[in-house]
Amino acid sequence: MNAQRKRKTVFVLAVVLLCSVVGMISATAKAATTYPHSYTIRNFLSDYQYVVKGDMTLENHTVGGVVAGGNVSLSTFGEAMVMPSYGKNVTKVVDLNATKYDGIPAGYASNTFYYQTMVDGAVPGYLTGSFVQGEFLKVNEAFDSLYSESEQMALTATGTPEKIGNTITVDFSKADNYKLDASLLTKGGNDVVNIIGIHSADDFTRKEYRISFTGINDSTLFFDNMWTSSSSYDYFVRFTLNGNPFEQVMKQISTENYAGGQYVNAGLKFIINLPDAKRLTTNGLSGHLVAPRADLTIDGGALEGGIIAERVNANVQAHFYPYYPVGSPRDNTPADKSLQIIETNVDKTEVLVNQTAIVDTIKDQDGNLVIVNMENADFQWQVKDPVTGQWSDIPGAVTPEFVPGADLDGREIRCRVTGKNGYTGVVYDNSVVCSFSSKGGISKSGKNSTSKNNNKSVELKIPTIVMKKVMGPKMKFKIKLLNLKGAKVSCESTNTKIATISKKGLMKAKKKTGKCRLTINVTKGKHRIQYRVNLVVRKNCKKNYSLYKYKTNYKHPSVSLYKLVPKNKTYKIKLKHVDKKAKVVYKSSNKKVATVNKNGKVIPKRNGRADVTITVAQNGVKYRYFVVVRVTETDKESNTSYLKVIK
């Protein structure tokens, strides 16, 4: 009995299930006939560069997709279009670019443009196949919802800004939603809104921050990111972050899906909200501008975000920074309740003993990745009878997550999901088939012939330390892992044409530039670690690693990282896959040099070295990582660096 308990394997199947109504389907799939999400500010900012109630004229390059309820005139656009565009009357399109940027998740790129009417000759002949006549979404209905939501954003503001001279201070450490009334602005003058309380643009990817300007009404307001000046507007406002020009800071967002600053999939959640403004002008902009009643002019500079407005006339390079990262779940129900969930198939998953099984790549019947709307699906886990081949329900197993006990060791299980709340059809059947074996190998008992592809990933839903690394073509870099003797190591590159990683932690960049994710797992008994490198391979990149000695008495597998931090900066230790109930402890060995708070934010104090230990207790297992922090006066912040470990 004790032996059986020792052999007992606990698997957590964190199933990210399918749902066509929230999936974004690629151009190779059948195009959706209606917008699949609810009409909300956050959804539109996730799917489109511009959402305009009336006429829209874009005279410069736009990366994302567009929606307009009036006349539409477009220059080149669409390299990161993730949802079909829509325009009521198309008057001119220079180019709908079919070449997608590197880093856009597979299965989410779309080139379809829906329209009601079109002027003769508005679309070049080679584009006609991308234009489909039909009403993709109801623009007037959408804006009725947007008006209300924009007003509610301002009404729920809790932060109180402070003004000294022409500087208005917004402290996001005290509140995440501020309201600035027009009475606080200088009529005919130049005001600076200085944001403090957060360290960098990366903070805007983790949490939503809002500033609402109210009482503008018919006055003209000019938002400036180009540091010019003008007295021809009623109000003139520019933004800074900790005193630095805002647009320069926003371009430093860290992301694994980055296309030359044109497309950033980290999830930008900074919103500038103007519920009552009628006339706006901006010269470049960083963040999402929500002004559903405004006639907006953008004249020059770069737009790093999205726009919601009444009308738009823009001559600006518009770069797509979606609110939700493309492919992430939405907390909403679809606008069209009549849509059906389609039946889907999924690759077979074979489960290794002593390894958590994660099923997180689900495909629809056309082979495209889809996301589930968890609120509109019922779940039932089942087990297969090895003699009859029949599936039977497992009592009480009716949630997306399931932990099989020893009684299911060696058996095949699956989860059957059906639609609810007005949805019809089977969401998917014959889907997740996981075989369990107590003998330490892969069970061969189950077969699933419904899928031709086999998506396997070594990345697990266990606490993971994450670092970004920049390398040049053909460069090598070795991750320093601790205590590997007798351990099982598995590794993976999401794009072997960009870079590979060996079981010894050796990273090799290829000739091709681009991005990929490198993952390495180490298991030794009950101790496990996982390390992810978000790698960017660029031309003309110099070697940027440091050699540093590190000594530890820790006897189990781990990884030690080195970070050079300037004294006037802070550094956020990044962890993935940490449960809400997990206990995470950060500890600095020298608080006089650097402290670390409960969120992993390292705050340098003086020149020197401090070793930070990270311990994560999750699901009865402890995970440990180390970061050597060296604080300097003037040196630039380092990327992932090399540690020489001394035993």
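Values in this document were obtained by computation on a predicted structure and should not be read as measured data. (Residues numbered from 1 in each chain as written. Predicted model: local features only at pLDDT ≥ 70, side-chain atom pairs only at ≥ 80, totals over all residues. Heavy atoms only, no water.)

1. Some points on the pattern of salt bridges
To keep it simple, the criterion reads: Definition used for salt bridges: Asp or Glu carboxyl oxygen within 4 Å of a side-chain nitrogen of Lys or Arg. Secondary structure is summarised from DSSP: a helix means a run of H or I of at least four residues, a strand means a run of E of at least two, and numbering begins at the N terminus for each. Whether a residue is buried, partly exposed or exposed follows from its accessible area with a 1.4 Å probe, protein chains only, as a fraction of its type maximum: under 20%, in between, or over 50%, in that order.
Counted under the stated rule, the structure contains 13 salt bridges. Across the pair arginine 42 and glutamate 149 runs a salt bridge whose closest N-O atoms are separated by 2.9 Å. Here arginine 42, found in helix H2 (residues 41-47), pairs with glutamate 149, found in helix H3 (residues 139-155); they are 107 residues apart in sequence, far enough to count as distant. We classify glutamate 149 as buried; its relative accessible area is 17%. Salt-bridge contacts for arginine 311 lead to glutamate 310; the nearest nitrogen and oxygen are separated by 3.9 Å. Several salt bridges share partner residues, and in doing so they unite Arg42, Glu149, Glu208 and Arg210 into one network.

2. Quick notes on the side chain of threonine 519
In plain terms, the rule: For this analysis, residues touch if any pair of their heavy atoms sits within 4.5 Å.
Its location among the elements puts threonine 519 in strand S31 (residues 514-524). Setting aside its immediate chain neighbours within four residues, threonine 519 contacts Val458, Glu459, Ser490, Cys491, Glu492, Ile501, Gln530, Tyr531 and Arg532.

3. A look at the packing of aromatic side chains
The condition is simple: Note on aromatic contacts: the rings of Phe and Tyr and the six-membered ring of Trp form a pair at centre separations within 6.5 Å, being stacked when their planes are under 30 degrees apart, edge-to-face when over 60 apart, and tilted otherwise. Whether a charge sits over a ring depends on NZ of Lys or CZ of Arg being within 6 Å of the ring centre and within 35 degrees of the ring normal.
In the structure shown here, the tally under the stated rule is 28 aromatic pairs. Ring centres of tyrosine 114 and phenylalanine 136 lie 5.1 Å apart, and the angle between their planes is 10°; this geometry places the pair in the stacked category. Of the two residues, tyrosine 114 is situated in strand S5 (residues 113-118) and phenylalanine 136 in the loop between strand S6 (131-133) and H3; the sequence distance between them amounts to 22 residues. Each member of the pair, tyrosine 114 together with phenylalanine 136, is buried. With centroids separated by 5.7 Å and ring planes inclined at 65°, the aromatic side chains of tyrosine 554 and phenylalanine 626 adopt a geometry described as edge-to-face. You can see tyrosine 554 sitting in the loop between strand S33 (547-551) and strand S34 (558-566) and its partner phenylalanine 626 sitting in strand S41 (residues 621-632), a full 72 residues away along the chain. Summarising the burial analysis for this pair, tyrosine 554 and phenylalanine 626 share the class buried. Through pairs of rings, three or more aromatic residues link up here, namely Phe172, Tyr178, Phe204, Tyr209, Phe213, Phe223, Phe239, Phe246 and Phe270. The ring of tyrosine 323 carries lysine 269 above its face, with NZ or CZ at 5.2 Å from the centroid. Note that arginine 293 overlies the ring of tyrosine 147, its terminal NZ or CZ placed 4.1 Å from the centroid.

4. A word on the nonpolar core
Quick reminder of the rule: Think of a nonpolar core as a cluster: buried Ala, Val, Leu, Ile, Met, Phe, Trp, Tyr and Cys residues, connected wherever their side-chain atoms sit within 4.5 Å.
The biggest cluster of nonpolar side chains holds 68 residues, and the ones touching the most others in it are Tyr50, Phe213 and Leu274. For leucine 274, the contacting residues outside a window of four places in its chain are Ser150, Phe213, Ile216, Leu221, Phe223, Leu280, Leu289, Val290, Ala291 and Pro292. In terms of nonpolar packing, the next biggest core, distinct from the first, is built from 45 residues, Leu460, Val489, Ala499 and Ala582 among them.

5. Quick word on the environment of proline 473
The topology assignment puts proline 473 in the loop between strand S25 (464-471) and strand S26 (476-478). Classification of proline 473 as partly exposed rests on a relative accessible area of 31%. As for proline 473 and glycine 514, which are separated by 41 residues in sequence, their C-alpha atoms are 9.6 Å apart. Other than its neighbours up to four places away in sequence, proline 473 contacts Ala509, Lys510, Lys511, Thr513, Val537, Arg538 and Lys539.

6. Re the sheet that holds S31
Stated precisely, the cut-off is as follows: The pairing criterion is simple: DSSP has to find at least two bridges between the two strands. Working convention: axes come from line fits to C-alpha atoms, limited for helices to the stretch in contact. Angles between N-to-C directions cover 0 to 180 degrees.
Overall, mixed pairing links the 5 strands, which are arranged S28-S31-S32-S25-S36 in an open sheet. The open sheet is flanked by strand S28 (488-493) and strand S36 (574-576), the only strands paired with a single partner. Strand-to-strand twist across the sheet, computed as the mean angle between neighbouring axes with direction ignored, equals 25°.

7. Examining the sheet that holds strand S30 (residues 506-509)
One open sheet holds the 3 strands; their spatial order is S26-S30-S29, and the pairing between them is antiparallel. The two strands at the open ends of the sheet, each matched to only one other strand, are S26 and strand S29 (499-501). Neighbour-to-neighbour, the strand axes of the sheet open up by a mean angle of 15°, direction not taken into account. Both S29 and S30 contribute to a ladder of 3 bridges, which runs antiparallel. Counterpart to isoleucine 501 in the pairing with S30 is methionine 507.

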